[in-house]
Amino acid sequence: MTAADIHHTIRHTILAVWRIEQPRLITGLSRMLRDVPLAEDLTQEALLAALEHWPVTGVPEKPGAWLMATAKRRALDHLRRRRMLARKHEMVIRDMEQEQQAMPDFDSALDDDIGDELLRLIFTACHPLLSREARAALALRMVCGLTTEEIARAFLLPDATISQRIVRAKRTLSESGLAYETPHGDELAERLASVLEVVYLIFNEGYTAARGEHWLRPQLCQEALRIGRVLTSIAPHEPEAHGLLALMELNASRTAARTDAAGEPILMLDQNRSLWDQLQIRRGMQALARARELGGASGIYALQAAIVACHAQATTADETDWRRISGLYAELSQIMRSPIIELNRAVAVGMAEGPEAGLQIVDRLVHEPALKAYHLLPSVRGDLLRKLGRCEEARAAFDAAAELARNKREHDLLKRRAAEAASAASS
């Protein structure tokens, strides 16, 4: 292996460790500093330090502990530079110096930080002082470690728009002196909708990663599920909390069947349904039933959960009730206008009424500005064209989708589908 290969491998390892450890670092530093944006900045400094030192010294035995120790040292340096003008800073630095002198077990500290600390971080990022859009963008940046580009893709918006939202949100949090805590009562209810949205976006990033070499990021799915369960315990009478939990449980039940031994994606209709987790499906159905009992059957998460439940309850792909799924998407689109929902409805309509009916919906979305760079639009179009026997058009659509895909596994899958369509066109 050449020096360049070694350097590339170490850099790849650093970024992989970073994706896992970033939320732990931010939650730990936020608790100590009482300043979320400062904590986020210091974790970025720790990453830069790792990128500088690890290629020279090698990856430490406990990389998470190394990052936390480095971030804490940067925090102390920062507070010392500000001369402890405020009494709060005097208290904070005294606590931190005592902790440093006590030679703490950083691994244990990291484990402690992941309890409700991550939920506190999300609630802080979802404060009403911030716009709804800024709340989600900031939380995804801090909790998932997503880049500005990835967040922009999640919201189908320009990078510059998301960057500005994040900068303004961090400035607002810094200047407001907001408490780093999980609110209660009316304050909790006021932030809950934004928190649910963020948790679902975290789950989605784990379910289908926006970029990288792996299609799944299971740790994000598990973290979103854990937070979803906590939310139903602290807001037991909120139907949408139960609806979201149902949606995540039902989607996560398919995890074992979604990739092959090599990590390549397996589409739902081709999955081995015996691998679907029946216990998780039952938990999801129970959460959906609770959402309905609370009067939330028409909530946006409960409706999506009902759609996934149709798949979960079908023993085989042929038994799927596509007409019901199509109707549920139509109901969802009435309360949540979204081109992505329309695209999903097109898939269901194509299955229920035939590919020509689905293609008519997709063709109406081709010039939708929000979907201009969305790879699943040409992917769905390619699938419908392939079913109609228009194989050369399908190949072009799959190739276009592959060019837009940022996840390597998804890109490779789309290229394979393009090749299959090309082969069918020439036969």
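Residues numbered from 1 in each chain as written. Predicted model: local features only at pLDDT ≥ 70, side-chain atom pairs only at ≥ 80, totals over all residues. Heavy atoms only, no water.

## Examining the overall build of the protein
Moving on, step 1. Broken down by element type, the protein carries 20 helices and 0 strands.
Moving on, step 2. Within the span of the protein, comprising 427 residues, buried residues form 51% of the whole.
Moving on, step 3. Considering only intrachain contacts with a sequence separation of at least 6, the fraction spanning at least 24 residues in the protein is 65%.
Moving on, step 4. Only carbon and sulfur atoms are counted for the fraction: they give 51% of the accessible area of the protein, which is about 20000 Å². (Helix = DSSP H or I, 4+ residues; strand = E, 2+ residues; numbered from the N terminus. Buried < 20%, exposed > 50% of the residue type's maximum accessible area, 1.4 Å probe, protein only. Contact = heavy atoms within 4.5 Å. Areas by Shrake-Rupley, 256 points an atom, 1.4 Å probe, with all protein chains shown as cover.)

## Overview of helix α17 (residues 355–365)
Moving on, step 1. Within α17, burial applies to Ala 357, Gly 358, Leu 359, Ile 361, Val 362 and Leu 365.
Moving on, step 2. Contacts from the buried residues of α17 go to α16 (339–353) and α18 (376–387).

## Examining the environment of Ile 341
Moving on, step 1. By secondary structure assignment, the location of Ile 341 is in helix α16.
Moving on, step 2. Here Ile 341 falls in the buried class, since its relative accessible area comes to 7%.
Moving on, step 3. For the pair Ile 341 and Gln 304, spaced 37 residues apart in sequence, the C-alpha separation works out to 10.0 Å.
Moving on, step 4. Those residues within four positions of Ile 341 in sequence are excluded, and the remaining contacts are Tyr 329, Leu 332, Ser 333 and Met 336.

## Re the side chain of Glu 264
Moving on, step 1. Relative to the assigned elements, Glu 264 resides in the loop between α12 (239–252) and α13 (278–293).
Moving on, step 2. Here Arg 409 takes part through its side chain, which lies 2.8 Å from a polar atom of the side chain of Glu 264.
Moving on, step 3. Filtering out sequence-adjacent residues up to four positions away, Glu 264 remains in contact with Arg 258, Thr 259, Arg 409 and Arg 416. (Polar contact = N/O pair within 3.5 Å; in protein donor to acceptor, adjacent residues only side chain to side chain.)

## Quick word on the pattern of salt bridges
Moving on, step 1. Under the criterion given, the structure shown has 19 salt bridges.
Moving on, step 2. Notably, a salt bridge pairs Glu 40 with Lys 170, separated by 2.6 Å at the nearest N-O pair. A residue pair is termed long-range when its members are at least 10 positions apart, and Glu 40 in helix α2 (residues 36–57) and Lys 170 in helix α9 (residues 159–176) qualify at 130 residues.
Moving on, step 3. With a relative accessible area of 17%, Lys 170 lands in the buried category.
Moving on, step 4. The salt bridge involving Glu 393 is made with Arg 390; its shortest N-O contact spans 2.8 Å.
Moving on, step 5. Look at Arg 390 and you get partly exposed, because its relative accessible area is 30%.
Moving on, step 6. Through salt bridges that share partners, Glu 40, Asp 41, Arg 141 and Lys 170 make up one connected network. (Salt bridge = Lys/Arg side-chain N within 4 Å of Asp/Glu carboxyl O.)

## Examining the nonpolar core
Moving on, step 1. Within the largest apolar cluster, 84 residues are counted, with the highest numbers of intra-cluster contacts made by Ile 122, Val 199, Phe 203 and Leu 231.
Moving on, step 2. Here this core takes 11 residues from helix α10 (residues 185–207), the largest share from any one element.
Moving on, step 3. Each residue touching Val 199, except ones within four places of it in the same chain, is listed here: Ile 122, Ala 224, Ile 227, Leu 231, Leu 244 and Met 248.
Moving on, step 4. Counting residues in hydrophobic clusters, the runner-up holds 24 residues, among them Ala 357, Leu 359, Ile 361 and Phe 398. (Core = buried A, V, L, I, M, F, W, Y, C linked by side-chain atoms within 4.5 Å.)

## As for the side chain of Gln 280
Moving on, step 1. Here Gln 280 lies in helix α13.
Moving on, step 2. When its relative accessible area of 8% is taken as the criterion, Gln 280 is described as buried.
Moving on, step 3. If we skip the residues at most four places from it in the chain, Gln 280 touches Leu 225, Arg 229, Glu 249, Ala 252 and Ser 253.

## Some thoughts on the confidence of the model for the protein
Moving on, step 1. Per-chain confidence: the protein averages 84 in pLDDT, with 87% of residues scoring 70 or above.
Moving on, step 2. Here residues 103–115 is modelled with pLDDT under 50, and outside its nearest four sequence neighbours on either side it reaches 26 contacts, counting other chains as well. (pLDDT = per-residue confidence, 0-100.)

## Points about helix α19 (residues 391–404)
Moving on, step 1. For α19, spanning 14 residues, the distance from its first C-alpha to its last is 20 Å, which sits close to the expected 20 Å at 1.5 Å a residue.
Moving on, step 2. Looking only at α19, the buried set comprises Cys 391, Ala 394, Ala 397, Phe 398, Asp 399, Ala 401 and Ala 402. (Expected span 1.5 Å × (residues − 1).)

## Points about the packing of aromatic side chains
Moving on, step 1. As enumerated under the stated definition, the model contains 3 aromatic pairs in all.
Moving on, step 2. Taking the centre distance of 5.2 Å and the plane angle of 70 degrees together, the rings of Trp 54 and Trp 66 count as edge-to-face. Pair noted here: Trp 54 is in helix α2 and Trp 66 is in helix α3 (residues 63–81), with a separation of 12 residues, a long-range link.
Moving on, step 3. The buried category is assigned to Trp 54, whose relative accessible area is 1%.
Moving on, step 4. Between Tyr 200 and Tyr 301 the ring centres are 5.8 Å apart and the planes differ by 80 degrees, which places this aromatic pair in the edge-to-face class. One end of the pair, Tyr 200, is in helix α10; the other, Tyr 301, is in helix α14 (residues 300–312), and 101 residues separate them in sequence. (Phe/Tyr/Trp six-rings, centres within 6.5 Å; stacked < 30°, edge-to-face > 60°.)

## Comments concerning the packing of α14 against helix α15 (residues 322–335)
Moving on, step 1. Where α14 meets α15, the axes come as close as 10 Å, and the angle between the chain directions of the two elements is 170 degrees. Considering the angle they form, α14 stands roughly antiparallel to α15. For the crossing formed where α14 meets α15, the hand is left-handed. Contact residues: Ile 300, Leu 303, Gln 304, Ala 306, Ile 307, Cys 310 and His 311 in α14; Trp 322, Arg 324, Ile 325, Leu 328, Tyr 329, Glu 331, Leu 332 and Ile 335 in α15. (Axes fitted to C-alpha atoms, helices over the stretch in contact; angles between N-to-C directions. Parallel < 35°, antiparallel > 145°, perpendicular 65-115°, else oblique. Left-handed = near helix turned anticlockwise from the far one by under 90°.)

## Side note on the environment of Thr 13
Moving on, step 1. On the secondary structure map, Thr 13 appears in helix α1 (residues 3–33).
Moving on, step 2. Owing to a relative accessible area of 28%, Thr 13 belongs among the partly exposed residues under this scheme.
Moving on, step 3. When the C-alpha atoms of Thr 13 and Pro 63 are compared, they prove to be 9.9 Å apart, with 50 residues separating the residues in sequence.

## So, the packing of α18 against helix α20 (residues 408–426)
Moving on, step 1. Viewed as axis vectors pointing N to C, α18 and α20 meet at an angle of 25 degrees, and their least axial separation amounts to 11 Å. In terms of orientation, α18 lies roughly parallel with respect to α20. Where α18 crosses over α20, the handedness of that crossing is left-handed. Residues Leu 376, Ser 379, Asp 383 and Arg 386 of α18 pack against Glu 410, Leu 414, Arg 417, Ala 421 and Ala 424 of α20.

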